[in-house]
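Here is what each chain is made of, one letter per residue.
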Amino acid sequence: MINNKALIRRWLKALQSGNIESLIVLQSKECTWKFPGSKKLPWAGKWVGIEKHKKFLGRVGDSVDFTGGGIEFNEFIVDGTRVSVLGNEIARSKSKKKRWNVTFVWVFTVKRGKIVSLEAFEDTETIAACY
């Protein structure tokens, strides 16, 4: 069985490459994603299940330009079933072309070899100001 840190690394690699199918097989069918933020952010909210995750990723793709930036995953902290990923995101809104540079922590929970939750902590005010 793959260890939790390696599982999260594979999931993040699939996310960065846009390989949705590889991403989905690494998580439970009822996996919950929580991304904070105001209604200005089309991806803010709680997203449960594969179909909702596809919708989430579509909204990010429709509204965020990662050209000249991207998402970096800098540190992994493993504590049992939880893996916290510290990173940096540089992107711009497609609507207003405003750029942000924020740090974040994504906290994953893994059970029985599958990701069951992802909760994001980031400066959503800075990102919302770009929309």
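Everything discussed here concerns the structure shown above.
What counts, and at which threshold
Residues numbered from 1 in each chain as written. Predicted model: local features only at pLDDT ≥ 70, side-chain atom pairs only at ≥ 80, totals over all residues. Heavy atoms only, no water. Helix = DSSP H or I, 4+ residues; strand = E, 2+ residues; numbered from the N terminus. Expected span 1.5 Å × (residues − 1). Buried < 20%, exposed > 50% of the residue type's maximum accessible area, 1.4 Å probe, protein only. Arc of directions from axis to C-beta. Pairing = 2+ DSSP bridges. Axes fitted to C-alpha atoms, helices over the stretch in contact; angles between N-to-C directions. Contact = heavy atoms within 4.5 Å.

S.K.: Tell me about helix α3 (residues 50–63), and please be specific about residues and values.
M.R.: Taking 1.5 Å per residue, 14 residues should reach 20 Å; α3 reaches 20 Å between its end C-alpha atoms and fits that length. When α3 is considered as a whole, its buried residues turn out to be His53, Phe56, Leu57, Val60 and Ser63. End-on view of α3: buried residues confined to an arc of 145°, all on one side of the axis. For α3, the exposed residues lying more than 90 degrees away from the buried face are Glu51 and Asp62.

S.K.: Quick rundown of the sheet that holds strand β5 (residues 99–111)? Include the residues and the values.
M.R.: The strands making up a sheet are joined through hydrogen bonds of the backbone, oriented either antiparallel or parallel. A sheet is described by the order of its strands in space; here 6 strands give the open sequence β2-β1-β6-β5-β4-β3, paired in mixed fashion. The open sheet is flanked by β2 (45–48) and β3 (64–79), the only strands paired with a single partner. Each adjacent strand pair in this sheet contributes to an overall mean axis angle of 15°, direction not counted. Relative to strand β4 (residues 82–93), β3 is paired through 11 bridges, and the arrangement is antiparallel. Its bridge partner being in β4, Val78 is matched across the sheet by Val83. Contacts between helix α1 (residues 4–17) and the sheet are confined to β1 (27–35), β3, β4, β5 and β6 (114–122), with β5 contributing the most and set at about 135° to the helix.

S.K.: Which residues make up the pairing of β1, and what values do they have?
M.R.: Side-chain direction in a regular strand flips from residue to residue, so the side chains alternate between the two faces of the sheet. Here β1 runs beside β6; their pairing, made up of 4 bridges, is parallel. Among the inter-strand pairings, Thr32 is bridged to a residue of β6, identified as Ser117. For β1 and β2, the ladder comprises 4 bridges, and the chain directions are antiparallel. Each residue of the ladder has a partner; that of Lys34, found in β2, is Lys46.

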